[in-house]
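Chain and residue survey
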Amino acid sequence: MGPPGVMGPPSPAALAFLLQGAAACYGLALLAALLRPRWARWPLALGVALQLGWSLWRGLLIGFLPLTNKTESFAAAALAVALVGVVAFRPARAWLLPLLGVLGAAMATALLFPQGLHWPPPLMRTAWYPAHVPLSFLAYGCWTAAAAGGVAWFTDRDPEWLPLLDRLGLWGFALWSLSMICGGVWGVVAWGAWFLWDPKVVWSVILWFHASTSVHVRLTPSLAGRPWVRPALAITGFLLVLVAYVGTSFLFGRSSHAFG
Amino acid sequence: MPSADAPVTLGRPGAAAVPPRPDRWGWLRSQGLGICCGLATMLLLAIGSVVMAATRDGASAGVGLDDLTAFFARPSPVHLWLYALVPVAALYALNTLLATWETVTTRWRAGLRAPRAYAAAVMHLSFLVALLAHLAGGFLSVEGGAHVVAEGWQPLPGFGEARLVTLDVDELPNGMPREVRAAVELRDPAGRVESRVVGYNQPLSGGWGSRLALLAELGQVPVARLASGEESCALAQEQGCVLGGERVEVLAFAEPRGRRAALVRAAPAGGGPTVRWMAPGELVALRGGRPLLLVEAAVVPAVLLRVREAPGNPLALVAAVLLAVGVVMMWRRLAPASGGASARRVPGA
Ligand code: HEM
C-alpha cells in the first residue's frame with residue numbers, strides 16, 4: 001500500500017458496473033460452491049475477467065497502475081484471491097467456502113468505499129510500485145487459499161490437503177520475496193533506506209518469517225507426526241496477513257504506508 | 001543419488017545402516033531450532049511494532065528509517081524487545097549458516113550438481129547477507145542533512161559540488177506534479193563535471209546506493225549573485241563560497257521597500273568578519289582590498305536534496321539478488337505439478 005492518491009479524472013458510470021458484475025459472479029460462485037462445487041470455477045473465472053477489465057479501464061484513465069485508493073486496494077485483494085482460487089481450484093466445499101468468504105468480504109469492502117479515481121502521487125510513480133504491490137497481493141491470495149486449505153483440513157482431516165498447503169505456502173513465499181525485493185529498492189530510491197521501522201514494513205518482515213518458517217515444517221523430522229501444524233500455521237498466516245494488510249493502517253496510526 | 005528436491009534431515013546424516021556418530025552440537029543446526037528462532041523473531045517484531053507505535057512520541061521518538069543506534073543511545077526498558085531480538089537473530093543466523101553448510105557439503109559430496117538442489121542454500125545466504133545489511137545500515141548510516149542546490153556551485157557531501165542546471169516539472173491536470181526532472185551538474189575535486197538528473201524516486205546515487213542525495217523539496221529560492229573581480233558565485237540562504245580569497249556567506253534575505261537585500265558575512269578590509277546588509281549594486285572592500293559586489297538578489301529554481309550515507313544498501317542489494325536467484329532456482333518446486341496434483345484424488349471431494 002502506498003501513500004494516498006490525489007483526486008483524479010472523472011469516473012465513467014459504466015465503470016462501476018464492471019466491478020458490480022464481478023461481485024455478482026463471485027456471488028454465483030458461492031452459490032455453486034454450496035450446490036455443486038465443481039461449477040464454481042467458471043463464475044469465479046468470469047469475475048476475474050470482469051475485474052481485470054475494470055482495472056485495465058481505470059489504469060488507462062489515470063495512466064498508471066490503478067492501486068491508488070481504498071476501493072482499488074480491496075478490489076485488488078479480492079482479485080488476487082479469485083485468481084489464485086481459479087488457478088489452484090479444488091472442487092471441495094470445505095475449501096471453497098472459506099476462500100469465497102474472504103473474497104466476498106474484500107469485494108464488499110471495495111464496493112463500500114467511494115469509487116472515484118485518483119492520480120498517483122509522485123512518489124508512487126516508479127516501476128517498483130507496480131511490481132511491488134501486485135506481487136504482494138498475489139502472495140496474500142496464495143496464503144488466503146492456503147488458509148482455506150487449513151480450514152478444510154480441520155473440517156475433514158484429509159491428508160491430501162497438505163501438499164496443496166505446502167505448494168500455496170511456497171508460492172506465497174516466492175511471490176512475497178520478490179515483492180519485498182521490489183519494495184526494498186523502492187524504499188532506497190524514495191527514502192534512502194530499504195528497511196524502515198514502519199509498522200507495514202515490520203509486519204511484512206513478520207509475514208516473510210512466517211512463510212519461511214512454514215516451508216520448513218514439512219522438512220522437520222520432529223514435526224512429522226503432527227499433521228495439524230501445517231494447517232494451523234496456514235490459518236495463522238492468514239491472520240497475520242490481515243494485520244499486515246489492514247491492521248497496520250488502522251491500528252498503528254501514522255505509517256508511511258497508511259491507506260488514503 | 002539423492003534427489004535435488006529431497007528434503008534433507010538435519011542432525012541425522014546417513015540413516016539406518018551405520019550407527020550415527022554422537023553429535024553434541026547437532027541441535028544448533030537443527031530445523032527445530034530454526035523454527036523456534038523464526039517464531040521468536042516474529043513474536044518480538046510484533047511486540048516491537050506495537051511498542052514503537054505506543055511510544056512514538058516518547059522512548060521511540062528517535063527511531064527513524066533503518067536506524068539501530070537510537071535503541072542503544074538512550075537505553076530504555078521500552079526497547080527490551082529489540083535487545084532480545086539481537087541474540088535471537090544471532091542464533092537464527094548461526095543455525096542457518098550451520099544447516100546450510102551441512103546441506104551443501106552433503107549434497108555436493110553426494111554428487112548432486114542440479115542448481116535447484118542449492119536454491120534454498122542461496123536463499124539462506126541471502127538471509128544472512130540481509131542481516132549484515134541491517135547491522136551496517138542500522139549502525140553506520142549517517143544523515144548528511146538537507147542541502148539547497150540552486151544555480152551556484154555548492155558542496156554536496158559525498159558528491160563533491162553540485163549545481164542546478166534546469167528544473168522541469170510536469171504537472172497533472174489538477175496542478176499536482178506528475179514528474180520532476182532536476183538536471184544537475186556534479187563537480188569533483190579535480191574539476192571534472194558530470195551531468196545527472198534527480199527526481200522523485202530518482203536520487204543521486206554513488207557507491208552502489210551507499211551514498212544518496214534524495215529530492216526532498218523543490219521550488220524557488222532567493223539567491224545572491226556576488227562577484228569579486230573575475231570571480232563570482234550565487235548563494236542561497238546559509239550558503240557560502242570563497243571570493244577574493246575570503247569566505248563569504250549569505251545569512252538571510254529581506255525586501256525592505258520592495259528591493260531584495262542580502263545579509264552577508266564577510267571579512268572586510270582591516271577587520272574580522274562582519275555581518276552587513278547589502279543591496280544590489282552595493283560594493284564593499286574585502287580584507288586585502290579586493291572588492292565584493294552584490295550583483296543582484298534574484299529568485300531562482302532550486303531543489304532541496306537530503307543527503308544520506310547508507311552503507312547497508314549495497315549489502316541489501318546483494319541479498320536481494322541472491323533471494324531473486326534463489327526463487328528462480330526453485331522454479332521446479334513452484335511450477336504446478338505436472339499430472340501429480342491434478343492426478344491425485346481431489347481432497348475433500
Ligand atoms: C534459520 C534457520 C534455517 C534453517 C536451519 C534452514 C534449513 C533449511 C533446510 C535444511 C532446508 C532443506 C534443504 C534444502 O533444500 O537445501 C531448507 C529449505 C528452505 N529454506 Fe531454510 N533454513 C533456515 C532459515 C531460512 C530462512 C530465513 C529462509 C528465508 C529465506 C529460508 C528459506 C528456505 C526455503 C525457501 C527452502 C525451500 C523449501 C522447500 O523447498 O520446500 N530458510 N531450509
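Residues numbered from 1 in each chain as written. Chains lettered and ligands numbered in written order. Predicted model: local features only at pLDDT ≥ 70, side-chain atom pairs only at ≥ 80, totals over all residues. Heavy atoms only, no water.

With that out of the way, let us pick up the overall build of chain A. From N to C terminus, chain A includes eight helices and two strands. The C-alpha atoms of chain A give a radius of gyration of 18 Å, which matches the 18 Å a tight globule of 260 residues would have. Overall, chain A is about 55 × 45 × 30 Å in size when its C-alpha atoms are taken along their principal axes. Out of the 260 residues belonging to chain A, those deemed buried represent 60%. In chain A, of all internal contacts separated by at least 6 residues, the share reaching a separation of at least 24 is 82%. Summed over its atoms, the accessible surface of chain A is roughly 9,400 Å², and 74% of this surface lies on carbon and sulfur atoms. With 15 positive and 6 negative side-chain charges, chain A shows a separation of 4 Å between the mean positions of the two kinds. (Helix = DSSP H or I, 4+ residues; strand = E, 2+ residues; numbered from the N terminus. Rg over C-alpha atoms; globule rule 2.2 N^0.38 Å. Buried < 20%, exposed > 50% of the residue type's maximum accessible area, 1.4 Å probe, protein only. Contact = heavy atoms within 4.5 Å. Areas by Shrake-Rupley, 256 points an atom, 1.4 Å probe, with all protein chains shown as cover. Lys, Arg positive; Asp, Glu negative; His and termini not counted. Charge placed at Lys NZ, Arg CZ, Asp CG, Glu CD.)

Take the sheet that holds strand β11 (residues 261-266) of chain B next. All names here are of chain B. Spatial strand order, β9-β10-β11-β12: four strands in an open sheet with antiparallel pairing. The open sheet has two edge strands, β9 (239-243) and β12 (274-278), and neither has a second partner. Across the sheet, the mean angle separating the axes of adjacent strands is 30 degrees when strand polarity is ignored. As judged from the five bridges shared by β11 and β12, these two strands associate in the antiparallel manner. Along β12, the bridge assignment pairs Leu263 with Trp277. (Pairing = 2+ DSSP bridges. Axes fitted to C-alpha atoms, helices over the stretch in contact; angles between N-to-C directions.)

The next subject is the state of the cysteines. All names here are of chain B. Considering all chains together, one arrives at one disulfide over all chains under this definition. Two residues share a disulfide in this structure: Cys233 and Cys241, whose sulfurs sit 1.9 Å from each other. The exposure class of Cys233 is buried, given its relative accessible area of 15%. Unpaired in terms of disulfides, Cys37 finds its nearest cysteine sulfur in Cys36, a separation of 6.9 Å. Given the relative accessible area of 4%, Cys37 is considered buried. (Disulfide = S-S within 2.5 Å.)

What follows is about the packing of aromatic side chains. One pass over the full model with this rule turns up 25 aromatic pairs over all chains. Here the aromatic rings of Trp143 of chain A and Trp176 of chain A are separated by 5.5 Å at their centres, their planes lie at 55 degrees, and the arrangement is tilted. Of the two residues, Trp143 of chain A is situated in helix α5 (residues 128-156) and Trp176 of chain A in helix α6 (residues 161-191); the sequence distance between them amounts to 33 residues. On the basis of relative accessibility, which here comes to 8%, the residue Trp143 of chain A falls in the buried class. Residue classification places Trp176 of chain A among the buried positions, given a relative accessible area of 3%. With a centroid separation of 5.8 Å and an interplanar angle of 40 degrees, the aromatic rings of Phe72 of chain B and Phe139 of chain B are classed as tilted. Taken together, the residues span a long stretch of sequence, with Phe72 of chain B in helix α2 (residues 69-73) and Phe139 of chain B in helix α4 (residues 119-140) at a distance of 67 residues. A residue is classified by how much of its surface remains accessible, and Phe72 of chain B, at 37% relative accessible area, is partly exposed. Residue class for Phe139 of chain B comes out partly exposed when judged on its relative accessible area of 38%. (Phe/Tyr/Trp six-rings, centres within 6.5 Å; stacked < 30°, edge-to-face > 60°.)

Residue and element names in this part refer to chain B. One non-glycine residue, Glu238, adopts positive backbone phi at about 70 degrees. The residue Glu238 is located in the loop between β8 (231-235) and β9 in this model. Among the residues examined, Glu238 registers a relative accessible area of 67% and is labelled exposed. A positive phi angle, near 55 degrees, is found at Arg257, a position not held by glycine. Counting through the fold element by element, Arg257 comes out in the loop between β10 (246-254) and β11.

Glancing now at the interface of chain B and chain A. With 69 residues of chain B at the interface, the matching set in chain A holds 56 residues. A buried area of about 5,400 Å², summed over both sides, lies between chain B and chain A, and 69% of it is on carbon and sulfur atoms. Contact with chain A buries area across many residues of chain B, yet Met42, Asn201 and Pro347 of chain B alone supply 13% of it, more than any other trio. For the pair chain B and chain A, the number of links is zero salt bridges. Taken together, chain B and chain A are joined by 13 residue pairs in polar contact (both at pLDDT 80 or more). Those elements that place two or more of their residues in the side of chain B that touches chain A are α1 (31-54), α3 (80-109), α4, β4 (177-187), β7 (211-228), β14 (291-309), α5 (312-329) and α6 (331-334) of chain B. Counting residues per element, the side of chain B that touches chain A draws most heavily on α1 of chain B, at 13 residues. When its residues are assigned to classes, the side of chain B that touches chain A shows 43 nonpolar, 15 polar and 11 charged. (Buried area = accessible area lost by both parts, 1.4 Å probe. Salt bridge = Lys/Arg side-chain N within 4 Å of Asp/Glu carboxyl O. Polar contact = N/O pair within 3.5 Å; in protein donor to acceptor, adjacent residues only side chain to side chain. Nonpolar A, V, L, I, M, F, W, Y, C, P; charged D, E, K, R; others polar.)

With that settled, the discussion passes to the site of the ligand. Around the ligand lies a shell of 22 residues, among which His216 of chain A together with Tyr92, Thr96, His124 and Arg333 of chain B are the nearest. Those chains with residues close to the ligand are chains A and B. A distance of 2.6 Å is found between a nitrogen atom of the ligand and a side-chain nitrogen or oxygen belonging to His216 of chain A. Breaking the shell around the ligand down by element, the ones donating at least two residues are α7 (199-217) of chain A together with α1, α3 and α4 of chain B. Residue composition of the shell around the ligand, by class: 11 nonpolar, eight polar and three charged. (Near = heavy atom within 4 Å.)

Protein-derived ligands of the iron atom of the ligand are His216 of chain A (NE2) and His124 of chain B (NE2), with the metal-ligand distances lying across 1.9 to 2.0 Å. Its six donor atoms give the iron atom of the ligand angles of 84 to 180 degrees at the centre, a pattern that matches the octahedral case. Here His216 of chain A, found in helix α7, pairs with His124 of chain B, found in helix α4, and the two come from separate chains. Assessed through its relative accessible area of 23%, His124 of chain B is described here as partly exposed. (Donors = N, O, S within 2.8 Å, 3.2 Å for Na, K, Ca; no water. Tetrahedral: all angles 85-135°; square planar, octahedral: opposite > 155°, others 65-115°.)

All names here are of chain B. As paired strands, β4 and strand β5 (residues 193-198) are joined by six bridges and run antiparallel to one another. Within the sheet, the bridge partner assigned to Val184 lies in β5 and is Arg196. Adjacent in sequence and paired antiparallel, β4 and β5 are bridged by five residues, among which Gly191 carries a positive phi angle near 90 degrees.

Residue and element names in this part refer to chain B. Looking at chain B as a whole, the pLDDT averages 89, with 90% of positions reaching at least 70. The lowest-confidence element of chain B is helix α7 (residues 340-343), averaging 41 in pLDDT; the highest-confidence one is β5, averaging 98. Across residues 6-17 the pLDDT falls below 50, and counting only partners more than four positions away or on other chains, this stretch makes 17 contacts in the model. The model gives residues 339-344 a pLDDT under 50, and that stretch makes four contacts with residues more than four places away or in other chains. Here the complex is predicted with pTM 0.89, and the ipTM for its interfaces comes to 0.91. (pLDDT = per-residue confidence, 0-100.)

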